[in-house]
Amino acid sequence: MYVEELQKKNQAWLGRMLMRATARKLLGEGQSWTADRSEKNGDHTEGCPSMVKLQKENKEPEIRNSTDKKGKSGVKDSSYLKGDAPPATTPVQLRLEKKKHRKTMLTDLTMLPKLVGGQGGENINGTLEAHVDGFRYTTSRPDFCLDFRYDALESAFFQEGDDRTPPFLHFRLRHSIMVGKEITEDIQFHLVSTPMGQKTSDRNDDLNIFVDKVRHKWRVGVVFQEVEKKHEFHGVLPSKASGVFALTYFSLVGLVGKPFIVVPLKAVELVYLEKVSPREIDMTVVFEDYNHQVFQINSIPLTSVADIKFCLDLGDVKYYENDKKQNWKSIMKGIGRNPQDFVEKGGWEILNANGSGGYEAESLDSSSEVDNDEYD
(Lines give C-alpha, C1' and ligand atoms only; values in the text may rest on other atoms or scores of the structure.)
Protein backbone atom coordinates (compact mmCIF):
# COMPACT_ATOMS: atom_id res chain seq x y z
CA MET A 1 0.00 0.00 0.00
CA TYR A 2 2.85 2.37 0.79
CA VAL A 3 4.37 1.88 -2.68
CA GLU A 4 0.97 2.40 -4.33
CA GLU A 5 0.44 5.64 -2.43
CA LEU A 6 3.87 6.91 -3.47
CA GLN A 7 3.07 5.96 -7.05
CA LYS A 8 -0.22 7.91 -6.97
CA LYS A 9 1.49 10.97 -5.51
CA ASN A 10 4.28 10.80 -8.07
CA GLN A 11 1.82 10.51 -10.95
CA ALA A 12 -0.15 13.49 -9.63
CA TRP A 13 3.09 15.47 -9.46
CA LEU A 14 4.06 14.41 -12.99
CA GLY A 15 0.59 15.46 -14.19
CA ARG A 16 1.06 18.97 -12.80
CA MET A 17 4.52 19.23 -14.33
CA LEU A 18 3.22 17.96 -17.67
CA MET A 19 0.40 20.50 -17.70
CA ARG A 20 2.84 23.32 -17.01
CA ALA A 21 5.36 22.05 -19.57
CA THR A 22 2.69 21.60 -22.26
CA ALA A 23 1.59 25.22 -21.88
CA ARG A 24 5.18 26.41 -22.12
CA LYS A 25 5.93 24.26 -25.15
CA LEU A 26 2.78 25.06 -27.13
CA LEU A 27 2.39 28.72 -26.21
CA GLY A 28 6.08 29.62 -26.23
CA GLU A 29 6.19 30.71 -22.62
CA GLY A 30 9.64 29.56 -21.61
CA GLN A 31 11.43 26.33 -20.92
CA SER A 32 10.76 22.78 -21.99
CA TRP A 33 9.63 19.61 -20.21
CA THR A 34 13.27 18.71 -19.61
CA ALA A 35 13.71 21.82 -17.50
CA ASP A 36 10.55 21.01 -15.54
CA ARG A 37 11.83 17.53 -14.79
CA SER A 38 15.05 18.96 -13.41
CA GLU A 39 13.06 20.90 -10.81
CA LYS A 40 12.24 17.59 -9.19
CA ASN A 41 15.82 17.12 -8.10
CA GLY A 42 16.29 20.71 -6.96
CA ASP A 43 14.54 22.90 -4.41
CA HIS A 44 11.06 22.52 -5.88
CA THR A 45 8.57 22.33 -2.99
CA GLU A 46 5.24 22.04 -4.78
CA GLY A 47 5.63 18.34 -5.52
CA CYS A 48 6.09 15.33 -3.29
CA PRO A 49 8.92 12.86 -2.62
CA SER A 50 8.33 10.32 -5.37
CA MET A 51 8.90 6.61 -5.40
CA VAL A 52 11.24 7.21 -8.33
CA LYS A 53 13.39 9.53 -6.27
CA LEU A 54 13.56 7.11 -3.35
CA GLN A 55 14.49 4.09 -5.44
CA LYS A 56 16.92 5.77 -7.83
CA GLU A 57 19.30 6.60 -5.00
CA ASN A 58 20.40 2.97 -4.84
CA LYS A 59 19.29 1.56 -8.18
CA GLU A 60 20.69 3.99 -10.70
CA PRO A 61 23.04 2.09 -13.04
CA GLU A 62 26.56 3.22 -13.73
CA ILE A 63 26.78 5.64 -16.64
CA ARG A 64 30.10 6.54 -18.20
CA ASN A 65 31.38 9.36 -20.40
CA SER A 66 28.97 12.21 -21.08
CA THR A 67 25.77 10.29 -20.41
CA ASP A 68 23.41 11.81 -17.88
CA LYS A 69 21.13 10.13 -15.34
CA LYS A 70 18.46 9.37 -17.95
CA GLY A 71 20.99 7.70 -20.25
CA LYS A 72 21.35 10.70 -22.57
CA SER A 73 24.63 10.99 -24.39
CA GLY A 74 24.59 14.58 -25.55
CA VAL A 75 23.67 13.49 -29.08
CA LYS A 76 20.13 14.03 -30.30
CA ASP A 77 18.22 10.77 -29.87
CA SER A 78 16.57 9.60 -33.07
CA SER A 79 16.80 5.86 -32.53
CA TYR A 80 13.04 5.46 -32.42
CA LEU A 81 12.73 6.82 -35.95
CA LYS A 82 13.13 4.71 -39.04
CA GLY A 83 15.50 5.67 -41.83
CA ASP A 84 16.70 8.93 -40.31
CA ALA A 85 20.34 8.31 -41.22
CA PRO A 86 22.07 6.87 -44.29
CA PRO A 87 23.93 3.55 -44.05
CA ALA A 88 27.50 3.87 -42.85
CA THR A 89 30.01 3.25 -45.62
CA THR A 90 33.30 4.24 -43.97
CA PRO A 91 35.41 1.26 -42.79
CA VAL A 92 35.74 1.11 -39.01
CA GLN A 93 39.23 1.41 -37.55
CA LEU A 94 39.39 -0.04 -34.03
CA ARG A 95 42.11 0.36 -31.44
CA LEU A 96 42.71 -3.27 -30.59
CA GLU A 97 43.71 -4.71 -27.23
CA LYS A 98 47.13 -6.20 -28.01
CA LYS A 99 47.58 -8.35 -24.91
CA LYS A 100 45.65 -11.56 -25.40
CA HIS A 101 45.30 -12.31 -21.69
CA ARG A 102 43.57 -8.94 -21.18
CA LYS A 103 40.97 -9.41 -23.92
CA THR A 104 37.33 -9.49 -22.86
CA MET A 105 35.57 -12.10 -24.98
CA LEU A 106 32.21 -13.83 -25.27
CA THR A 107 32.36 -17.07 -27.24
CA ASP A 108 29.88 -19.38 -28.99
CA LEU A 109 27.54 -16.72 -30.37
CA THR A 110 25.26 -16.42 -33.36
CA MET A 111 24.38 -13.01 -34.79
CA LEU A 112 21.34 -11.30 -36.27
CA PRO A 113 21.42 -10.16 -39.04
CA LYS A 114 23.39 -13.10 -40.40
CA LEU A 115 26.78 -12.27 -41.85
CA VAL A 116 26.45 -14.77 -44.68
CA GLY A 117 23.54 -14.96 -47.09
CA GLY A 118 21.13 -12.55 -45.41
CA GLN A 119 17.94 -13.60 -43.62
CA GLY A 120 17.84 -17.12 -45.02
CA GLY A 121 21.59 -17.58 -45.04
CA GLU A 122 24.14 -19.40 -42.98
CA ASN A 123 24.46 -18.69 -39.26
CA ILE A 124 28.09 -19.17 -38.21
CA ASN A 125 29.15 -19.32 -34.57
CA GLY A 126 31.55 -16.59 -33.58
CA THR A 127 33.23 -14.61 -30.79
CA LEU A 128 32.57 -11.05 -29.63
CA GLU A 129 35.64 -9.18 -28.39
CA ALA A 130 35.62 -5.86 -26.49
CA HIS A 131 38.59 -3.69 -27.48
CA VAL A 132 39.75 -0.19 -26.54
CA ASP A 133 37.10 1.72 -28.49
CA GLY A 134 34.76 -0.86 -29.98
CA PHE A 135 33.56 -4.42 -30.48
CA ARG A 136 34.85 -6.96 -32.99
CA TYR A 137 32.83 -10.03 -33.96
CA THR A 138 34.82 -12.80 -35.64
CA THR A 139 33.86 -16.20 -36.99
CA SER A 140 35.64 -19.34 -38.14
CA ARG A 141 35.68 -17.82 -41.62
CA PRO A 142 38.42 -15.16 -41.69
CA ASP A 143 36.69 -13.27 -44.51
CA PHE A 144 33.59 -12.59 -42.37
CA CYS A 145 33.86 -10.29 -39.36
CA LEU A 146 32.19 -7.14 -38.06
CA ASP A 147 33.67 -4.12 -36.24
CA PHE A 148 31.60 -1.38 -34.61
CA ARG A 149 32.72 1.39 -32.28
CA TYR A 150 31.36 2.22 -28.83
CA ASP A 151 30.48 5.75 -29.94
CA ALA A 152 28.26 4.23 -32.65
CA LEU A 153 25.97 2.75 -29.99
CA GLU A 154 22.66 4.40 -29.18
CA SER A 155 21.74 1.82 -26.54
CA ALA A 156 22.71 -1.65 -25.32
CA PHE A 157 20.58 -4.41 -23.78
CA PHE A 158 21.07 -7.88 -22.37
CA GLN A 159 18.72 -10.60 -21.18
CA GLU A 160 19.29 -13.90 -19.44
CA GLY A 161 17.92 -17.00 -21.13
CA ASP A 162 15.54 -19.72 -20.03
CA ASP A 163 14.17 -22.99 -21.42
CA ARG A 164 12.49 -21.15 -24.32
CA THR A 165 14.88 -18.37 -25.30
CA PRO A 166 18.69 -18.15 -25.23
CA PRO A 167 20.56 -15.33 -23.47
CA PHE A 168 21.24 -12.40 -25.78
CA LEU A 169 23.03 -9.07 -26.21
CA HIS A 170 21.35 -6.39 -28.30
CA PHE A 171 22.85 -3.17 -29.66
CA ARG A 172 20.88 -0.31 -31.23
CA LEU A 173 23.18 1.80 -33.43
CA ARG A 174 23.00 5.54 -34.02
CA HIS A 175 23.15 4.99 -37.79
CA SER A 176 22.31 2.08 -40.05
CA ILE A 177 25.12 -0.14 -41.32
CA MET A 178 25.43 -2.95 -43.84
CA VAL A 179 25.68 -6.43 -42.28
CA GLY A 180 25.98 -9.18 -44.86
CA LYS A 181 23.26 -8.31 -47.36
CA GLU A 182 21.06 -6.37 -44.94
CA ILE A 183 20.94 -2.72 -43.89
CA THR A 184 20.25 -2.57 -40.17
CA GLU A 185 20.49 -0.40 -37.06
CA ASP A 186 20.12 -3.41 -34.73
CA ILE A 187 22.69 -6.12 -33.97
CA GLN A 188 21.76 -9.02 -31.71
CA PHE A 189 23.99 -11.81 -30.41
CA HIS A 190 22.56 -15.08 -29.07
CA LEU A 191 24.62 -17.22 -26.69
CA VAL A 192 24.26 -20.79 -27.89
CA SER A 193 24.85 -23.89 -25.77
CA THR A 194 27.72 -26.09 -26.86
CA PRO A 195 27.69 -29.91 -27.07
CA MET A 196 29.86 -30.02 -23.93
CA GLY A 197 26.84 -30.11 -21.62
CA GLN A 198 26.53 -26.40 -20.90
CA LYS A 199 23.30 -25.36 -19.23
CA THR A 200 21.39 -22.14 -19.82
CA SER A 201 22.45 -20.98 -16.36
CA ASP A 202 26.11 -21.36 -17.39
CA ARG A 203 25.53 -19.19 -20.43
CA ASN A 204 23.70 -16.63 -18.29
CA ASP A 205 26.80 -16.47 -16.10
CA ASP A 206 28.98 -15.97 -19.19
CA LEU A 207 26.75 -13.10 -20.32
CA ASN A 208 26.73 -11.32 -16.96
CA ILE A 209 30.49 -11.65 -16.53
CA PHE A 210 31.09 -10.21 -20.02
CA VAL A 211 28.75 -7.24 -19.45
CA ASP A 212 30.32 -6.47 -16.06
CA LYS A 213 33.85 -6.59 -17.46
CA VAL A 214 33.01 -4.38 -20.45
CA ARG A 215 31.27 -1.64 -18.50
CA HIS A 216 33.98 -1.51 -15.84
CA LYS A 217 37.01 -1.81 -18.12
CA TRP A 218 36.10 0.25 -21.19
CA ARG A 219 34.49 3.64 -21.73
CA VAL A 220 31.51 2.31 -23.66
CA GLY A 221 29.39 5.46 -23.20
CA VAL A 222 25.99 3.78 -22.89
CA VAL A 223 24.22 1.95 -20.09
CA PHE A 224 23.84 -1.81 -20.47
CA GLN A 225 20.13 -2.14 -19.74
CA GLU A 226 18.94 -5.48 -18.41
CA VAL A 227 15.69 -6.71 -19.94
CA GLU A 228 14.15 -8.63 -17.05
CA LYS A 229 11.61 -11.32 -17.83
CA LYS A 230 9.46 -10.27 -14.88
CA HIS A 231 8.81 -6.99 -16.73
CA GLU A 232 7.85 -8.62 -20.03
CA PHE A 233 4.35 -8.47 -21.49
CA HIS A 234 2.69 -9.70 -24.66
CA GLY A 235 1.01 -7.42 -27.17
CA VAL A 236 0.05 -6.91 -30.80
CA LEU A 237 1.26 -4.11 -33.08
CA PRO A 238 -1.24 -2.35 -35.38
CA SER A 239 0.41 -4.29 -38.23
CA LYS A 240 -1.07 -7.40 -36.51
CA ALA A 241 2.39 -8.70 -35.65
CA SER A 242 2.40 -10.12 -32.12
CA GLY A 243 5.43 -9.80 -29.90
CA VAL A 244 6.97 -9.82 -26.45
CA PHE A 245 7.73 -6.37 -25.06
CA ALA A 246 9.37 -5.13 -21.87
CA LEU A 247 10.10 -1.96 -19.94
CA THR A 248 13.61 -1.30 -18.69
CA TYR A 249 14.84 1.59 -16.58
CA PHE A 250 15.28 3.75 -19.69
CA SER A 251 13.38 2.13 -22.58
CA LEU A 252 10.33 0.36 -23.93
CA VAL A 253 11.63 -2.51 -26.05
CA GLY A 254 10.59 -5.48 -28.13
CA LEU A 255 13.70 -7.57 -28.76
CA VAL A 256 12.37 -11.14 -28.93
CA GLY A 257 12.07 -11.47 -32.69
CA LYS A 258 11.64 -8.90 -35.44
CA PRO A 259 10.67 -6.16 -35.88
CA PHE A 260 12.98 -4.95 -33.11
CA ILE A 261 11.45 -2.09 -31.12
CA VAL A 262 13.48 0.41 -29.07
CA VAL A 263 11.65 3.45 -27.67
CA PRO A 264 13.73 5.61 -25.27
CA LEU A 265 11.64 6.81 -22.33
CA LYS A 266 13.46 10.15 -22.47
CA ALA A 267 11.62 10.81 -25.75
CA VAL A 268 8.18 9.97 -24.29
CA GLU A 269 5.71 12.66 -23.21
CA LEU A 270 3.06 10.32 -21.81
CA VAL A 271 1.52 6.86 -22.07
CA TYR A 272 -2.23 6.22 -22.42
CA LEU A 273 -3.59 2.90 -21.15
CA GLU A 274 -7.02 2.15 -22.60
CA LYS A 275 -9.08 -0.69 -21.17
CA VAL A 276 -10.65 -2.27 -24.25
CA SER A 277 -12.15 -5.37 -22.60
CA PRO A 278 -12.34 -7.00 -19.15
CA ARG A 279 -9.09 -8.81 -19.99
CA GLU A 280 -7.07 -6.49 -22.25
CA ILE A 281 -5.71 -2.97 -22.61
CA ASP A 282 -4.19 -0.99 -25.47
CA MET A 283 -1.12 1.18 -24.90
CA THR A 284 -0.46 4.42 -26.78
CA VAL A 285 2.86 6.27 -26.48
CA VAL A 286 2.86 10.01 -27.20
CA PHE A 287 6.28 11.53 -27.87
CA GLU A 288 7.62 14.86 -26.67
CA ASP A 289 7.98 15.85 -30.32
CA TYR A 290 4.37 16.07 -31.49
CA ASN A 291 5.49 15.81 -35.12
CA HIS A 292 6.12 12.10 -34.58
CA GLN A 293 3.29 9.63 -34.90
CA VAL A 294 2.11 7.97 -31.70
CA PHE A 295 3.26 4.40 -31.07
CA GLN A 296 0.75 1.70 -30.13
CA ILE A 297 0.78 -1.80 -28.66
CA ASN A 298 -2.63 -3.47 -28.50
CA SER A 299 -4.22 -6.46 -26.77
CA ILE A 300 -1.99 -6.39 -23.68
CA PRO A 301 -3.26 -8.75 -20.95
CA LEU A 302 -4.81 -6.87 -18.05
CA THR A 303 -2.63 -8.90 -15.69
CA SER A 304 0.40 -6.96 -16.98
CA VAL A 305 -1.00 -3.49 -16.20
CA ALA A 306 0.22 -3.20 -12.61
CA ASP A 307 3.82 -3.92 -13.58
CA ILE A 308 3.65 -1.62 -16.61
CA LYS A 309 2.47 1.24 -14.39
CA PHE A 310 5.19 0.49 -11.85
CA CYS A 311 7.93 0.59 -14.52
CA LEU A 312 6.58 3.77 -16.13
CA ASP A 313 6.42 5.49 -12.76
CA LEU A 314 9.95 4.35 -11.97
CA GLY A 315 11.04 5.96 -15.25
CA ASP A 316 9.26 9.25 -14.44
CA VAL A 317 6.74 8.77 -17.26
CA LYS A 318 3.23 10.16 -16.80
CA TYR A 319 0.50 7.67 -17.68
CA TYR A 320 -3.28 7.99 -17.95
CA GLU A 321 -5.89 5.23 -17.61
CA ASN A 322 -9.28 5.34 -19.29
CA ASP A 323 -11.75 3.15 -21.16
CA LYS A 324 -12.44 5.76 -23.85
CA LYS A 325 -10.98 5.17 -27.32
CA GLN A 326 -9.10 8.24 -28.52
CA ASN A 327 -8.78 9.50 -32.08
CA TRP A 328 -5.06 10.25 -32.01
CA LYS A 329 -4.84 11.72 -35.49
CA SER A 330 -7.60 14.14 -34.58
CA ILE A 331 -6.02 15.04 -31.24
CA MET A 332 -2.56 15.73 -32.66
CA LYS A 333 -3.95 17.74 -35.58
CA GLY A 334 -6.18 19.68 -33.20
CA ILE A 335 -3.21 20.57 -31.00
CA GLY A 336 -1.33 21.85 -34.03
CA ARG A 337 -4.25 23.94 -35.28
CA ASN A 338 -5.31 25.46 -31.96
CA PRO A 339 -2.78 24.92 -29.14
CA GLN A 340 -4.40 27.66 -27.04
CA ASP A 341 -7.70 25.77 -26.99
CA PHE A 342 -5.96 22.52 -26.04
CA VAL A 343 -4.16 24.15 -23.12
CA GLU A 344 -7.28 25.97 -21.88
CA LYS A 345 -9.22 22.68 -21.83
CA GLY A 346 -6.65 21.18 -19.47
CA GLY A 347 -3.99 19.86 -21.83
CA TRP A 348 -3.35 16.15 -21.48
CA GLU A 349 -5.53 15.96 -18.36
CA ILE A 350 -8.42 15.41 -20.79
CA LEU A 351 -7.16 11.81 -20.92
CA ASN A 352 -7.75 11.34 -17.20
CA ALA A 353 -10.59 8.97 -16.34
CA ASN A 354 -11.75 11.51 -13.75
CA GLY A 355 -11.93 14.23 -16.38
CA SER A 356 -13.88 14.57 -19.61
CA GLY A 357 -12.07 11.56 -21.05
CA GLY A 358 -11.66 12.95 -24.53
CA TYR A 359 -10.68 15.91 -26.66
CA GLU A 360 -13.00 16.93 -29.44
CA ALA A 361 -11.07 18.30 -32.39
CA GLU A 362 -12.00 18.55 -36.03
CA SER A 363 -10.36 15.68 -37.87
CA LEU A 364 -9.56 14.99 -41.50
CA ASP A 365 -9.42 11.27 -40.75
CA SER A 366 -11.74 9.42 -38.39
CA SER A 367 -9.37 6.48 -37.93
CA SER A 368 -7.64 6.27 -34.55
CA GLU A 369 -5.20 3.52 -35.53
CA VAL A 370 -1.58 4.01 -36.48
CA ASP A 371 0.73 1.61 -38.26
CA ASN A 372 3.96 2.12 -36.27
CA ASP A 373 5.94 1.77 -39.51
CA GLU A 374 8.57 4.30 -38.50
CA TYR A 375 9.44 2.34 -35.33
CA ASP A 376 10.10 -1.06 -36.94
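Reference entry: report on the structure contained in this document. Just so you know, these numbers come straight off a predicted model, no measurement behind them.

This part covers the pattern of salt bridges. Scanning the entire structure with this criterion turns up 15 salt bridges. Linking E269 and K25 is a salt bridge whose minimum nitrogen-to-oxygen distance equals 3.2 Å. Note that E269 is positioned in strand 13 (residues 268-277) and K25 in helix 1 (residues 2-27), a separation of 244 residues in sequence. Accessibility expressed as a relative area gives 1% for E269, which makes it buried. Salt bridges linked by common partners bring D133, R149 and D151 together as one network.

Grouped together as the largest cluster of nonpolar side chains are 30 residues, with contacts concentrated most on F135, L169, F171, F189 and F224. Sorting the residues of this core by element identifies strand 1 (104-112), strand 2 (126-130), strand 3 (134-139), strand 4 (145-149), strand 5 (153-159), strand 6 (168-179), strand 7 (182-191) and helix 4 (200-217) as the ones contributing at least two each. Of all the elements, strand 6 adds the most residues to this core, at 5 residues. Residues contacting F189, with those up to four places away along its chain left out, are L109, T110, M111, L128, Y137, F148, P167, F168, L169 and F171. In this structure, L247, L252, I261 and V268 belong to the second largest nonpolar core, which totals 25 residues.

Attention shifts here to the environment of K230. Of note, K230 is situated in the loop between strand 8 (224-226) and strand 9 (232-236). Accessibility expressed as a relative area gives 60% for K230, which makes it exposed. Considering only alpha carbons, one finds K230 and S304, 74 residues apart in sequence, at a separation of 9.9 Å.

Further remarks concern the side chain of E97. Mapped onto the fold, E97 is located in the loop between helix 3 (51-59) and strand 1. Although E97 is buried, it forms no salt bridge, and the closest oppositely charged side chain is K217 at an N-O distance of 4.2 Å. In contact with E97, other than residues within four places in its own chain, are R102, K103, H131, V132, K217 and W218.

This next bit is on the packing of aromatic side chains. Summed over the entire model, instances satisfying the criterion amount to 14 aromatic pairs. Pairing F135 with F210 gives two aromatic rings, centres 6.4 Å apart and planes at 35 degrees, and the pair type is tilted. One end of the pair, F135, is in strand 3; the other, F210, is in helix 4, with 75 residues separating them in the sequence. Directly above the aromatic system of Y290 lies the positively charged group of K25, at a separation of 4.2 Å from the ring centroid. Between the NZ or CZ atom of K318 and the centre of the ring of Y320, over which it lies, the distance is 4.8 Å.

Glancing now at a negative patch on the surface. On the surface, a cluster of negative charge is made up of E160, D202, D205 and E226. By the element assignment, E226 lies in strand 8.

A word on the pairing of strand 16 (residues 318-322). For strand 16, the tally of buried residues reaches 4 of 5 residues, placing the bulk of the element in the interior. Across 5 bridges, the pairing between strand 13 and strand 16 is parallel. Its bridge partner being in strand 16, V271 is matched across the sheet by Y319.

What counts and what doesn't
Residues numbered from 1 in each chain as written. Predicted model: local features only at pLDDT ≥ 70, side-chain atom pairs only at ≥ 80, totals over all residues. Heavy atoms only, no water. Salt bridge = Lys/Arg side-chain N within 4 Å of Asp/Glu carboxyl O. Helix = DSSP H or I, 4+ residues; strand = E, 2+ residues; numbered from the N terminus. Buried < 20%, exposed > 50% of the residue type's maximum accessible area, 1.4 Å probe, protein only. Core = buried A, V, L, I, M, F, W, Y, C linked by side-chain atoms within 4.5 Å. Contact = heavy atoms within 4.5 Å. Lys, Arg positive; Asp, Glu negative; His and termini not counted. Phe/Tyr/Trp six-rings, centres within 6.5 Å; stacked < 30°, edge-to-face > 60°. Lys NZ or Arg CZ within 6 Å of the ring centre and 35° of its normal. Patch = residues over 30% accessible without salt bridge, like charges linked within 9 Å, V, L, I, M, F, W, Y side chains within 5 Å. Areas by Shrake-Rupley, 256 points an atom, 1.4 Å probe, with all protein chains shown as cover. Charge placed at Lys NZ, Arg CZ, Asp CG, Glu CD. Pairing = 2+ DSSP bridges.

Any functional reading would require information that these geometric values do not contain.
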